[in-house]
Amino acid sequence: MKLREIGKSGLLVATGFTIMATAGSANAQLRDKTQISPVVPGGAINKSFTQQIGAGRGDIFTPDSSAFIVARDPFRAIRRGRQIFQRKFQVKQGFGPTTNDGEGNPSQVGGDASINAGLVDSCAGCHGRPRGAAGHGGDVATRPDSRDAPHLFGLGLQEQLGDEITQSLRVIRDNASAVAISTHHAVTRALTAKGIAYGSITAQPDGTFDTSAVVGVNPDLRVRPFFAQGGTVSIREFVVGAFNAEMGLESPDTDLLTASAGGSVLTPAGMALNGSLDRIESPPAASPTADPDGDGHVNEIPVSVVDFVEFYLLNYFKPGTGDQTPADVVLGRAVFTVIGCGSCHVANLTINHDRRVADVETVFDATQGNPFNRLFATGTVLTINGLTGVDDGSGFPSLKRPAGAPFVVRNFFADLKRHDLGVNFHERNFEGTFQEQFMTEPLWGVGTTAPYGHDGRSQNLEEVILRHGGEALVPRNAFAALGRIQKQLLLNFLASLVLFAPDDTASNLQPKDPSAVHFPQNGHGAIALTPLFNTPTDLE
């Protein structure tokens, strides 16, 4: 099998690079080989936490640093982030208890809801289904009625869409302001980005704005795609916050320290954070020697670890699609569109400048897929000059930077806006107020992520659709009025939007091998990145 590469031109080119059948499987919530001696391949992480930290952040000329590995060995960086994500952390590494040792009152306005969030020793403890994936499944009590932890498939695409929409909206705002100031008259402009309407804004001649007609986003026009209520700008903030709130692991992340203080940074994953434009969340520790939770451990999550996990989630696989050819699925998608579901659940959106280094397209394939899920994944390299990269004359491995080409995000089904879906979806906050607006949940993967709703209170797809109201009342009522057959067609379509276990999914990176002894327990194939490392024999 040959890996496909995509060069700066955006055209697929032959590589001459043969994929090695290297085992890449691993179970969820892993210990490393200094803690356990596995008897089967993939039974433990191959590097200790100290080895994963490496030489710290460093730079592109510092071997074994996160900056060096992200720039020159990006598929190793992704895999290392994955292994950190699956790692079972220990008390001696600073794991637990929760923020400030459970002290404080989340019922106070502005109180720390993470005090009640629970405790888990691995990222995979909340995001662990399907097996070994950055999936869904954990209940995190950030509000009294809890909520269902969402899957993280396609998270980097979500971040990029939100960031590009923000930039487009702010260009409209700033242009309106320039005209208003120069003409001495108020100027109103529609706020539309990527075909999504966010209301309108009026610029005043004195440089101020009337934002009363802005909808679905804060008055600052920053799309915050993460958390149910749309509270966080970036993957990096999400990662640092989750390590702290759910695991009691504190990071003195320098990027967030700088940005939250009003500075501007570009993370190794290419995300621009500007504290003069946006409210950026500060990290829990102000320096590598700080110990805010008083557990005797400092620098629990070094900057390099944050770099690897951020880069992993930026490049994490998007959800797959089951068989799209049966008539019931095709007709079900048509019903979905006709009754108006697509007004909020927008199917496809385009990223103008993709920061990822690879894409994986996972589809139903009864021939190449294995008996576990009958899916097959095709990996495509998205770096400049593919795996060859760019020789910078340093004597180190070539730079493998993202080509930055446009990318169409298909089967996304969201509009990156907040909506009020009526009282059936409102959730109580600890201090007695109600959260009434929530981000549109992308529907990709929805067929395999029950229960549903931000609180996990709806047990099946029909229940959660009928629960809609408020801004979604018209399509909800249209669904309710359908006959049983038409309803089932739509449900069958939604069921075809699936997640998958990367370790159990055959791919062009590691195809299935039916001749393997005890197939499919052996030889089932996997989405294995190890063959793409600069040194594939050095396992993560």
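Structure shown above.
A few points on the structure.

Calculation notes
Residues numbered from 1 in each chain as written. Predicted model: local features only at pLDDT ≥ 70, side-chain atom pairs only at ≥ 80, totals over all residues. Heavy atoms only, no water. Helix = DSSP H or I, 4+ residues; strand = E, 2+ residues; numbered from the N terminus. Rg over C-alpha atoms; globule rule 2.2 N^0.38 Å. Buried < 20%, exposed > 50% of the residue type's maximum accessible area, 1.4 Å probe, protein only. Contact = heavy atoms within 4.5 Å. Areas by Shrake-Rupley, 256 points an atom, 1.4 Å probe, with all protein chains shown as cover. Lys, Arg positive; Asp, Glu negative; His and termini not counted. Charge placed at Lys NZ, Arg CZ, Asp CG, Glu CD. Pairing = 2+ DSSP bridges. Axes fitted to C-alpha atoms, helices over the stretch in contact; angles between N-to-C directions. 1 Å grid on protein atoms, 1.4 Å probe; cavity = no way out; pocket = protein on both sides within 12 Å on 5 of 7 lines; lining within 4 Å. Points joined across faces, edges and corners; volume = space filled by probe spheres on them. Nonpolar A, V, L, I, M, F, W, Y, C, P; charged D, E, K, R; others polar. Phe/Tyr/Trp six-rings, centres within 6.5 Å; stacked < 30°, edge-to-face > 60°. Lys NZ or Arg CZ within 6 Å of the ring centre and 35° of its normal. Expected span 1.5 Å × (residues − 1). Parallel < 35°, antiparallel > 145°, perpendicular 65-115°, else oblique. Salt bridge = Lys/Arg side-chain N within 4 Å of Asp/Glu carboxyl O. Core = buried A, V, L, I, M, F, W, Y, C linked by side-chain atoms within 4.5 Å.

With that out of the way, let us pick up the overall build of the protein chain. A tally of helices and strands in the protein chain yields eleven helices and 20 strands. Against the compact-globule benchmark of 24 Å for 540 residues, the protein chain has a radius of gyration of 23 Å, which places it among compact chains. With the C-alpha coordinates of the protein chain rotated into their principal frame, the extents come out at 65 × 60 × 50 Å. A burial count over the protein chain gives 53% of its 540 residues as buried. Sequence separation of at least 24 residues holds for 65% of the intrachain contacts in the protein chain that already meet a minimum separation of 6. Carbon and sulfur atoms make up 55% of the accessible area of the protein chain, which totals about 21,500 Å². Side-chain charges of the protein chain comprise 44 positive and 55 negative groups, with the mean position of each set lying 6 Å from the other.

The strand order β5-β6-β7 describes an open sheet built from three strands, whose pairing is antiparallel. With one partner strand each, in any of the chains shown, β5 (187-193) and β7 (209-210) form the two edges of the open sheet. Of the strands in this sheet, β5, β6 (196-203) and β7 are in contact with helix α4 (residues 155-183), which crosses β5 at around 165°.

Look at any regular strand and the pattern is simple: side chains alternate between the two faces of the sheet. Inspection of the sheet shows β5 paired to β6 by six bridges, in the antiparallel sense. Residue pairing in the sheet places T188 in a bridge with T202 of β6. Hairpin connection of β5 to β6: two residues between the antiparallel strands, including K194 at a positive phi of 55°. Examined bridge by bridge, β6 and β7 share two bridges and lie antiparallel to one another. By the bridge assignment for β7, A203 is matched with F209. The antiparallel hairpin formed by β6 and β7 contains five residues in its connecting segment, where G207 sits at a positive phi of about 90°.

Inspection of every chain in the model, using the stated rule, returns three cavities of 30 Å³ or more. Computed from the structure, the largest cavity encloses a volume of approximately 150 Å³. As for the largest cavity, its lining consists of 17 residues, of which F317, A358, D359, V360 and L529 are closest to the centre. Of all the elements in the fold, those that place two or more residues in the lining of the largest cavity are α3 (74-86), β12 (358-364) and β13 (375-381). Its residues assigned to classes, the lining of the largest cavity shows eleven nonpolar, three polar and three charged. The computed volume of the second largest cavity comes to approximately 100 Å³. Looking at the second largest cavity, the residues that line it are I78, R79, R82, G132, Y312, Y316, F317, P502, D503, I527 and L529. Ranked by residues supplied to the lining of the second largest cavity, first place goes to α3 with three residues.

A few words now on the packing of aromatic side chains. Scanning the entire structure with this criterion turns up 15 aromatic pairs. Among the aromatic residues, those joined into a cluster by ring pairs are F85, F153, Y312, Y316, F317 and F500. Above the plane of the ring of F209 lies R173, whose end atom (NZ or CZ) is 5.8 Å from the centre. Geometry around F479 places K487 over its ring, the cationic atom sitting 5.6 Å from the centre.

Our focus in this paragraph is helix α11 (residues 484-495). Look at α11: 16 Å from first C-alpha to last across twelve residues, which is about the 16 Å you get at 1.5 Å a residue. Burial in α11 covers these residues: K487, L489, L490, L491, F493 and L494. Each element contacted by the buried residues of α11 is listed here: α8 (327-338), α9 (461-466), α10 (473-480) and β19 (497-498).

One way to put it is that α3 packs onto helix α7 (residues 303-314) with a least axis distance of 7 Å and a crossing angle of 105°. Of the possible angle classes, the one that applies to α3 and α7 is roughly perpendicular. On α7, the residues touching P74, A77, I78, R80, G81, R82, I84 and F85 of α3 are V305, F308, V309, F311, Y312 and L313.

Scanning all chains against the criterion turns up 32 salt bridges. A salt bridge links R428 to D145, with the shortest nitrogen-to-oxygen separation between them at 2.8 Å. Within this pair, whereas R428 is found in strand β16 (residues 427-428), its partner D145 is found in the loop between β4 (136-137) and α4, the two being separated by 283 residues in sequence. Relative accessible area serves as the criterion here: at 40%, R428 is assigned to the partly exposed category. Assessed through its relative accessible area of 17%, D145 is described here as buried. Its salt-bridge partner being R356, residue D359 comes within 2.9 Å of it at the nearest N-O pair. In this pair, the class of D359 matches that of R356, namely buried. Here the residues in one salt-bridge network are K47, D73, R76, R80, D538 and E540, joined through shared partners.

On to helix α5 (residues 235-247). Under the 1.5 Å per step criterion, the end-to-end length of α5 is 17 Å for 13 residues, consistent within 8% with the ideal 18 Å. Among the 13 residues in α5, eleven count as buried, and that is most of the element. For α5, the set of buried residues is I235, R236, E237, F238, V239, V240, F243, N244, A245, E246 and M247. Buried residues along α5 sit in contact with α3, β3 (127-129), α4, α6 (254-260) and α7. The first or second residue beyond α5 is G248, which carries a positive phi of 70°.

Now for the nonpolar core. Grouped together as the largest cluster of nonpolar side chains are 64 residues, with contacts concentrated most on F75, F89, F243 and L313. Those elements that provide at least two residues to this core are α1 (49-53), α2 (66-72), α3, α5, α6, α7, β12 and β13. At eight residues, the largest contribution of residues to this core is made by α7. Residue contacts for F89: discarding those within four places in its chain leaves F49, I84, F95, D121, F243, M247, L249 and I301. Grouped together as the second largest cluster of nonpolar side chains are 23 residues, I339, A347, L421 and L482 included.

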